[in-house]
Amino acid sequence: MSGMESQAPILLEMQSNPQYLSGARDLVSGVSKRLGFSDMACSQIALALDEALCNVIRHGYKRALDRPIWVRIAPIDASGGPSEPTEAAGVRIVIEDDAEQVDPVQIKGRALEDIRPGGLGVHIIREVMDEAIYERRETGRGMRLTMVKLKVSKKAARNDSGRGSDVA
Amino acid sequence: MSNALRVEYKEEGGTAFVSPHGEIGYTEATAFRTYLKQAQDKRMPRLVVDLAGVAFMSTPGLATLVEALQTSKKTQTGLVLCGLQDRVRAVFEIARLHTVFKIVPDVSAAREG
């Protein structure tokens, strides 16, 4: 397998065809709901996944329809370790592709003050998720995005204590 | 696989109403853009986009609305959004676009101006 090697409670292998985005959203939203996230949080998680997959399709695969994307979904405990679904403190979603590698530092959204179409996806991912980390895959090809959403958000806790909100 | 987006159009007085139903993501944004462009090409004084039937919108949908806003400014016509569901409104707020568009609660408020 050229994609993910490790075991995962849920592993989705899909082609880079935008017609499958709604199915991927439904999957992650349904799993998140079962893990105990609120309806709004489920919607945010599905949005972040959609934006991430769109970026792979548009920028990684240059809109090719038949390239592989792997999505791994796992419940996690408060420290980020594996968890039983019924005891999950959050969810980790890992997205990998087989596209040309780019410098993760260069993956960033545009300034929000610049009102124009496009360039918002990365900003939205970082805003709605507690963590969003881009890395090169160790195979020499492809990128990995690891996103974490917690039921009790670190961002909310930091906002409450007045120490800022940007974890990602 | 069919496109999940359905769009209704009507005119009342000097206002055009575009009412999409479904999801507006990557695959639906192109059709949505076409509907909005057709509506704006009619050069009605106001265009109301009723989003009450939209359960999901991602950045391609937002981008389409930003394009429509830019067109409305060029042509000096009005653009009003209404009926945003909570999860769609949240996307506008995350993107800080809720202050850029004129957004009213529903079609009745949009009719009143």
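Some points on empty space enclosed by the protein
Line of reasoning, step 1. Using the criterion set out here, one finds two cavities of 30 Å³ or more in the structure.
Line of reasoning, step 2. Quantified by volume, the largest cavity comes out at close to 80 Å³.
Line of reasoning, step 3. For the largest cavity, the full set of lining residues is A16(B), A39(B), Q40(B), R43(B), M44(B), R46(B), L47(B), T71(B), T75(B), T77(B) and G78(B).
Line of reasoning, step 4. Among the secondary structure elements, those contributing two or more residues to the lining of the largest cavity are α1 (29-41), β3 (46-50) and α2 (59-75) of chain B.
Line of reasoning, step 5. The residue makeup of the lining of the largest cavity, split by class, is four nonpolar, five polar and two charged.
Line of reasoning, step 6. Its volume calculated, the second largest cavity comes out at about 40 Å³.
Line of reasoning, step 7. Lining the second largest cavity we find M40(A), S43(A), Q44(A), L47(A), R87(B), A90(B) and V91(B).
Line of reasoning, step 8. When residues of the lining of the second largest cavity are traced back to their parent elements, those giving at least two are α2 (39-60) of chain A together with α3 (86-94) of chain B.

So, the nonpolar core
General note: in soluble globular proteins, nonpolar side chains tend to be found buried as a group.
Line of reasoning, step 1. One finds I95(A), L65(B), F92(B) and F101(B) to be the most contacted residues of the largest nonpolar core, which totals 72 residues.
Line of reasoning, step 2. Counting residues per element, this core draws most heavily on α2(A), at twelve residues.
Line of reasoning, step 3. The contacts of L65(B), once residues within four sequence positions are left out, are F32(B), L36(B), V49(B), L51(B), M57(B), L79(B), L81(B), F92(B) and F101(B).
Line of reasoning, step 4. In this structure, F17(B), V48(B), V80(B) and V104(B) belong to the second largest nonpolar core, which totals six residues.

Observations regarding the side chain of S153(A)
Line of reasoning, step 1. Counting through the fold element by element, S153(A) comes out in the loop between β5 (143-150) and α4 (154-160).
Line of reasoning, step 2. A polar atom in the side chain of S153(A) sits 2.7 Å from the side chain of D130(A).

Focus: the environment of V80(B)
Line of reasoning, step 1. Relative to the assigned elements, V80(B) resides in strand β5 (residues 78-82).
Line of reasoning, step 2. Non-local contacts of V80(B), meaning those with residues more than four positions away in its chain, are made with R46(B), L47(B), V48(B), V49(B), K102(B), V104(B) and A110(B).

Quick notes on the packing of α2(A) against α3(B)
Line of reasoning, step 1. The N-to-C vectors of α2(A) and α3(B) enclose an angle of 55°; their axes lie 10 Å apart at closest approach. Taken together, the axes of α2(A) and α3(B) are oblique relative to one another. Crossing of α2(A) against α3(B): the hand is right-handed. Taken together, the residues of α3(B) that come into contact with α2(A) (itself represented by D39(A), M40(A), S43(A) and L47(A)) are D86(B), R87(B), A90(B) and V91(B).
Line of reasoning, step 2. Grouping the constituent residues of the contact of α2(A) with α3(B) by class yields four nonpolar, one polar and three charged.

Section: the layout of surface pockets
Line of reasoning, step 1. Volume-wise, the largest pocket comes out at about 810 Å³.
Line of reasoning, step 2. Lining the largest pocket are 34 residues, with N55(A), V56(A), R58(A), H59(A) and G60(A) sitting closest to its centre.
Line of reasoning, step 3. For the lining of the largest pocket, the secondary-structure elements that each account for two or more residues are α2, β3 (90-97), α3 (121-128) and β5 of chain A together with α1 and α2 of chain B.

So, unusual backbone geometry
All names here are of chain B.
Line of reasoning, step 1. The phi torsion at R43 lies on the positive side, around 55°, for a residue other than glycine.
Line of reasoning, step 2. Considering the arrangement of structural elements, one finds R43 in the loop between α1 and β3.
Line of reasoning, step 3. Classification of R43 as exposed rests on a relative accessible area of 57%.
Line of reasoning, step 4. Positive phi, normally seen in glycine, also occurs at R96, with a value near 60°.
Line of reasoning, step 5. Relative to the helices and strands, R96 is located in the loop between α3 and β6 (102-104).

Rules used in this analysis
- Residues numbered from 1 in each chain as written.
- Chains lettered and ligands numbered in written order.
- Predicted model: local features only at pLDDT ≥ 70, side-chain atom pairs only at ≥ 80, totals over all residues.
- Heavy atoms only, no water.
- 1 Å grid on protein atoms, 1.4 Å probe; cavity = no way out; pocket = protein on both sides within 12 Å on 5 of 7 lines; lining within 4 Å.
- Points joined across faces, edges and corners; volume = space filled by probe spheres on them.
- Helix = DSSP H or I, 4+ residues; strand = E, 2+ residues; numbered from the N terminus.
- Nonpolar A, V, L, I, M, F, W, Y, C, P; charged D, E, K, R; others polar.
- Core = buried A, V, L, I, M, F, W, Y, C linked by side-chain atoms within 4.5 Å.
- Buried < 20%, exposed > 50% of the residue type's maximum accessible area, 1.4 Å probe, protein only.
- Contact = heavy atoms within 4.5 Å.
- Polar contact = N/O pair within 3.5 Å; in protein donor to acceptor, adjacent residues only side chain to side chain.
- Axes fitted to C-alpha atoms, helices over the stretch in contact; angles between N-to-C directions.
- Parallel < 35°, antiparallel > 145°, perpendicular 65-115°, else oblique.
- Left-handed = near helix turned anticlockwise from the far one by under 90°.

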